[in-house]
Amino acid sequence: MKYTNNMTEIKKDYFTTSQMRNALIQIEDQMVHSNWMPSIVLGINRGGCIPGVYLSHRIKTPHEVLDIRLRDHTAKPNLSVLEKAFAFQKKILIIDDINDSGDTFNYIVKNFGKGDGRIKFAALIHNTPSKADVDYHGYIINKSKNPAWIVFPWEEWDK
């Protein structure tokens, strides 16, 4: 589907709930095979909240929201949840819906670090031209070859 925005056509690709579940199964499988499981899942506000909750139920691990919204808001990101989890020696999985540009994950690494391997990153979709790597992912895309806006089920009320 395409829509017009400022006289430019932008292709939309719709990501389904079934695809989300499949991506989370892939992420869980990758964690199991890497012999690393988190003691807490932090879903990045907003796109990582729903996948984070689903994954936390699946692996029976607590979930909290990490409030980093670089694109949608000008409020300063809040890393206090991450700082608290790290202080309690927890293994932390930070999840988002898409690792698009890499800015969100890079912001965390720049301002907090990777915690000597205790912090890992996951995304339902990893865009290969991203400036950040993820430890775990469900799907891989290349938006430089297929420039589409990914629409997740929680982003649109009606299609």
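Below you will find a few notes about this structure. Because the structure is a prediction, the values reported are computed rather than measured.

Of regular secondary structure, the chain possesses 4 helices and 8 strands. Its helices and strands in sequence order give the chain the pattern β-β-α-β-α-β-α-β-α-β-β-β, from N to C terminus. In the chain, which comprises 159 residues, the proportion classed as buried is 41%. Of the accessible surface of the chain, which amounts to about 9,100 Å², a share of 50% is contributed by carbon and sulfur atoms.

With that settled, consider the pattern of salt bridges. Under the criterion given, the structure shown has 5 salt bridges. Here Asp-13 ties to Lys-11 by a salt bridge, and the two come within 3.3 Å at their closest N and O atoms. Judged by relative accessible area, which is 23%, Asp-13 ranks as partly exposed. By relative accessible area, which is 30% here, Lys-11 ends up partly exposed.

Let us now look at unusual backbone geometry. For the peptide bond that leads from Asn-45 to Arg-46, omega is 15 degrees, which places it in the cis range. Summarising the element assignment, Arg-46 is placed in the loop between strand 3 (40–44) and helix 2 (49–58). Positive phi outside glycine occurs at Lys-60, with the angle close to 55 degrees. Looking at where Lys-60 falls in the secondary structure, it is placed in the loop between helix 2 and strand 4 (63–66). Judged by its relative accessible area of 73%, Lys-60 falls in the exposed class.

Turning our eyes to something else, we now look at the packing of helix 1 (residues 17–33) against helix 2. Direction vectors running N to C along helix 1 and helix 2 enclose 55 degrees, while the axes themselves pass 10 Å from each other. Taken together, the axes of helix 1 and helix 2 are oblique relative to one another. The two elements helix 1 and helix 2 meet at a crossing, and its hand is right-handed. Here helix 1 contributes Thr-17, Met-20, Arg-21, Leu-24, Ile-25, Ile-27, Glu-28 and Met-31 to the contact with helix 2, which in turn contributes Ile-50, Pro-51, Tyr-54, Leu-55 and Arg-58. A class-by-class count of the residues in the contact of helix 1 with helix 2 yields 9 nonpolar, 1 polar and 3 charged.

Cut-off values and rules
Residues numbered from 1 in each chain as written. Predicted model: local features only at pLDDT ≥ 70, side-chain atom pairs only at ≥ 80, totals over all residues. Heavy atoms only, no water. Helix = DSSP H or I, 4+ residues; strand = E, 2+ residues; numbered from the N terminus. Buried < 20%, exposed > 50% of the residue type's maximum accessible area, 1.4 Å probe, protein only. Areas by Shrake-Rupley, 256 points an atom, 1.4 Å probe, with all protein chains shown as cover. Salt bridge = Lys/Arg side-chain N within 4 Å of Asp/Glu carboxyl O. Axes fitted to C-alpha atoms, helices over the stretch in contact; angles between N-to-C directions. Parallel < 35°, antiparallel > 145°, perpendicular 65-115°, else oblique. Left-handed = near helix turned anticlockwise from the far one by under 90°. Contact = heavy atoms within 4.5 Å. Nonpolar A, V, L, I, M, F, W, Y, C, P; charged D, E, K, R; others polar.

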